[in-house]
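Architecture at a glance
One letter stands for each residue in the lines below.
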Amino acid sequence: MKRQHRLAALWALVVCLLLGHNAWLWLGQRIAPDTDILALLPLDERDPVLQQSFTHMVDSAQQRVVVLVGAKDWNDAGRAADAYRKVLAPHGALISFDAMGDESQANWLSSLQPHAAVLIGAAQEKELREQPARFWTESALARLYSAFSGPKLGAFRDDPFGLFAGWAQERAGETPVRPRDGRLFVAGEGREYVLLTYTLKPSAFSLGAQQSVVPLLDAAKAAAHAAVPSSEIITAGVILHAAAAGAQASREVHTIGAGSLVGIVLLTWLTFRSVKPISLTLLSIGVGFLGALSLCWLLFGRIHLLTLVFGASLIGVAQDYGIYFLCHRLGAGREVDSPALLRRLLPGLGLTLLAAVIGYLGLALTPFPGLRHMAVFSALGLVFAWLTVVCWFPALIKADTLKPGWLARRYRGAILRWPRFSMTPRSLVLVALLAVFAVAGWSRLKTNDDIRSLQSSPPQLVSDQIKLGKLLDAPSPVQYYLVRGATTEDVLQREEALKRRLDVLIGQDHIAGYQALSNWVPSKQTQGARLALVDDKLLGDAGPLAVLAHEIGEDPDWVAQTRAHLKRSAQPVALDAFMRTPASQPWRHLWLGEVEGVHASIVALRGMRYASIPVLARASEGLTGVQWVDKVGGISSVLGRYRADMGWVVLGAYLVVFLVLLPRYRGRTWRVLAPTALASVLTVAAIGLLGQGLMLFHVLALMLLLGVGVDYGIFMQEEHADAGDAPWLAVGLSAASAILSFGLLGLSGTPALQAFGMTMLVGTALVWLAAPCFTLKKETIHATPVLV
């Protein structure tokens, strides 16, 4: 007894340390749950350049908020946009406006003017190679005298043949956005829109930023509608999706956690007719949460919000150990004191913890950091809850503390009427029916590894994102080409080789266009070739420039001065210098710089059709240093690969658990595992019959089901002389609580958690129903040697 009290005191000290650490974390605001959904995705550790390219693309977008303020009349759109900006203007420390208009366009044009002679559009370059000299003379005359000859940048002598103007017009064609009246303008769907872009100062995944910025955006939207009631506001940004996910997860934490607690409290009260078992059960769960939270923060330095949502379902498992002890305490009578009862139950309790931890740690074998956090959080929570039961329950619960309640009295008798598995005709018919059900379900089973099926953002946000993407002709941040080279020149040359293939695909309507840094900074090789082409085709002594001077009445000095001026505007443009100019601002996300000893860039695609992905993937074949990146497809293939791999891990886990249980249960070991195995087979069959695709998260749930279901098998196979109906009562209470927890998890708006929860809901219910069927009559059990 003294040893038990010393153990309880030592555990009290540990719990005090946990309380102090959690108070330090939360009160000091040192812990802020992470809402970045990318934390759930695998890192491509084998290719750091590829991973860096994806991170770079995402990072360039996640701090931006893009707003389109539209109306049928341009002036109305402007008034609504002004009202929108007025609300956000005082909050520049949180979200700053990115100014861009006529003045900005003039700045970037002037910064490129010294390089005008080497900046030639693809169409003009083709014409230089194919058209006769007279074509260029007539083209220059048309530019000089016609009001409809295209854009003119600067004086006529600066660009007499319109090469730089053609290049600038080609670059402008990369986006439908145009400057207008000091604003950015885009039109579509019968409306004229003002484009407003903002940059967030804090991280988009900061809960504090979400709580501050999102209400401001809502207020700005309301102000725009108040100024122009007919205006349309389209807003897109990672912070909106992160805030929606955070709000949803917060609701689910409260719903799942509170629902599970209420269910457990009610079940415990109806079973034991006492407040003490309720408080002790909640105490073990609470210590489990505190311990898991503290150690996870120490191990990982952060906690993902979905980890807390998933951890809320831990309530349905962590209470098993307390319930197992309480039910045996209820049936043991006054003759056996609590420490002695614990010593007798400890082998079974230890095996239930070991089996459950094996099930949870199966999740840690995945490449998903978020899932690893969930696995470690849950396993640690179970360990701390188990230690609380072992250290405190015997000291706090005396032999005469508990009396059977209404539920305990009525539920106990059910075990007497429960069917047992045998070789009788009735049992064989039932087995045949279950086999038909399993075969029918498994034969219809399909797989679904598409990461897009896990999308859980509100429909309105998704709709706005799609509409804004179409209006702005924005490229996809998850499908692109990654171009690498030993030097910047290698990268630019390889981009140009890729673009020649993409031009063909544009003509075949596979894509609408592309964005590449080599559009703005040609390779040195291309710049030299273009300069030589201009000199040969246009600037010769009897070339189009001399003929033009003759036809407009200019003397040879004009020709010499124009030729010298064009030569001066042929300064080579370098990528480093370009990246420091205003013109580079919208395209800086395409340059990765030097990563792992190589230089790398991104070629982004506009107007990409998903049906064209195979064609786009083939476009990079045979091009040195060029790689097609489909992050959606890549993650989906990873999900599929790990779904298959985890299926084998589940089978391996059954073997491990069987070997762990074999020394204690000998010939009855298969009876411990059979209910869970049967439930798993039937659950997967149900998924097939319901027409749902089997996902990784279904398989991960089967891994956890093994850990939970084995508990019930152990409870039913653990037999003591004075146990009575305690094992059956423990299984019923544990299963009912787990079904409640995972049933609520199945209501989650996060598809991954929903699939996980529904699998656990159905599987746990089936294990509960099947566990008594594999027990033996008492006389048979006692005839079998049991190692204690």
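A short tour of the structure in this document, coming up. Computed from a prediction, not measured in an experiment: that's the story for all the values here.

A tally of helices and strands in the protein yields 30 helices and 13 strands. Relative to its full complement of 788 residues, the protein shows a buried share of 53%. Here the analysis covers contacts within the protein between residues at least 6 apart in sequence; of these, 81% occur between residues at least 24 apart. For the protein, the exposed area adds up to about 33,700 Å²; of that, 62% sits on carbon and sulfur atoms.

The phi angle at E596 is positive, at roughly 50°, despite the residue not being glycine. With respect to the element layout, E596 can be found in the loop between β10 (591–595) and β11 (598–606).

This brings us to a positive patch on the surface. Residues R273, R334, K403, R409 and R410 make up a contiguous surface patch of positive charge. Among the secondary structure elements, R273 is positioned in the loop between α9 (238–272) and α10 (275–300). Among the residues examined, R273 registers a relative accessible area of 47% and is labelled partly exposed.

With that out of the way, let us pick up the packing of helix α6 (residues 133–145) against helix α21 (residues 544–551). For any two helices packed against each other, the geometry is given by the interaxial angle and the distance between the axes. Relative to each other, α6 and α21 sit at 45°, their axes nearing to 9 Å. As the angle between them shows, α6 and α21 are arranged oblique. Judged by the sense of rotation from one axis to the other, the crossing of α6 with α21 is right-handed. Packed against α6, whose contacting residues are A133, R134, W136, T137, A140 and L141, the element α21 presents P544, V547, L548 and E551 at the interface. Along the lines of polarity and charge, the residues of the contact of α6 with α21 split into seven nonpolar, one polar and two charged.

When you line up the elements, D630 lands in strand β12 (residues 626–630). Look at D630 and you get buried, because its relative accessible area is 19%. Side-chain polar atoms of D630 contact the backbone nitrogen of G633, separated by 3.1 Å. Those residues within four positions of D630 in sequence are excluded, and the remaining contacts are V478, Q479 and I613.

This next bit is on the packing of helix α5 (residues 122–130) against helix α7 (residues 163–172). In contact at an axis separation of 8 Å, α5 and α7 are set at 140° when each is read in the N-to-C sense. Considered as vectors, α5 and α7 are oriented oblique to each other. Within the contact between the two elements, α5 uses A122, A123, Q124 and L128 and α7 uses L163, G166, W167 and E170. Residue classes in the contact of α5 with α7 are distributed as five nonpolar, two polar and one charged.

This paragraph deals with the packing of aromatic side chains. Throughout the structure, instances matching the rule amount to 16 aromatic pairs. Summarising the aromatic geometry, the rings of W11 and F384 are spaced 5.9 Å apart at their centres and angled 35° between planes, so their arrangement reads as tilted. Of the two residues, W11 sits in helix α1 (residues 2–27) while F384 sits in helix α14 (residues 369–396), which places them 373 residues apart along the sequence. The class of W11 is buried, set by a relative accessible area of 7%. According to the relative accessible area criterion, F384 is buried, its value standing at 11%. Aromatic pair W670 and F774: ring centres 6.0 Å apart, planes at 90°, arrangement edge-to-face. Pair noted here: W670 is in helix α26 (residues 669–689) and F774 is in the loop between α29 (751–770) and α30 (778–783), with a separation of 104 residues, a long-range link.

The next point concerns the side chain of Q717. If you trace the backbone, Q717 turns up in helix α27 (residues 696–717). With near-sequence residues (within four places) excluded, Q717 lies in contact with Y665, R668, R671, V672, F774 and T775.

Conventions and cut-offs
- Residues numbered from 1 in each chain as written.
- Predicted model: local features only at pLDDT ≥ 70, side-chain atom pairs only at ≥ 80, totals over all residues.
- Heavy atoms only, no water.
- Helix = DSSP H or I, 4+ residues; strand = E, 2+ residues; numbered from the N terminus.
- Buried < 20%, exposed > 50% of the residue type's maximum accessible area, 1.4 Å probe, protein only.
- Contact = heavy atoms within 4.5 Å.
- Areas by Shrake-Rupley, 256 points an atom, 1.4 Å probe, with all protein chains shown as cover.
- Patch = residues over 30% accessible without salt bridge, like charges linked within 9 Å, V, L, I, M, F, W, Y side chains within 5 Å.
- Salt bridge = Lys/Arg side-chain N within 4 Å of Asp/Glu carboxyl O.
- Lys, Arg positive; Asp, Glu negative; His and termini not counted.
- Charge placed at Lys NZ, Arg CZ, Asp CG, Glu CD.
- Axes fitted to C-alpha atoms, helices over the stretch in contact; angles between N-to-C directions.
- Parallel < 35°, antiparallel > 145°, perpendicular 65-115°, else oblique.
- Left-handed = near helix turned anticlockwise from the far one by under 90°.
- Nonpolar A, V, L, I, M, F, W, Y, C, P; charged D, E, K, R; others polar.
- Polar contact = N/O pair within 3.5 Å; in protein donor to acceptor, adjacent residues only side chain to side chain.
- Phe/Tyr/Trp six-rings, centres within 6.5 Å; stacked < 30°, edge-to-face > 60°.

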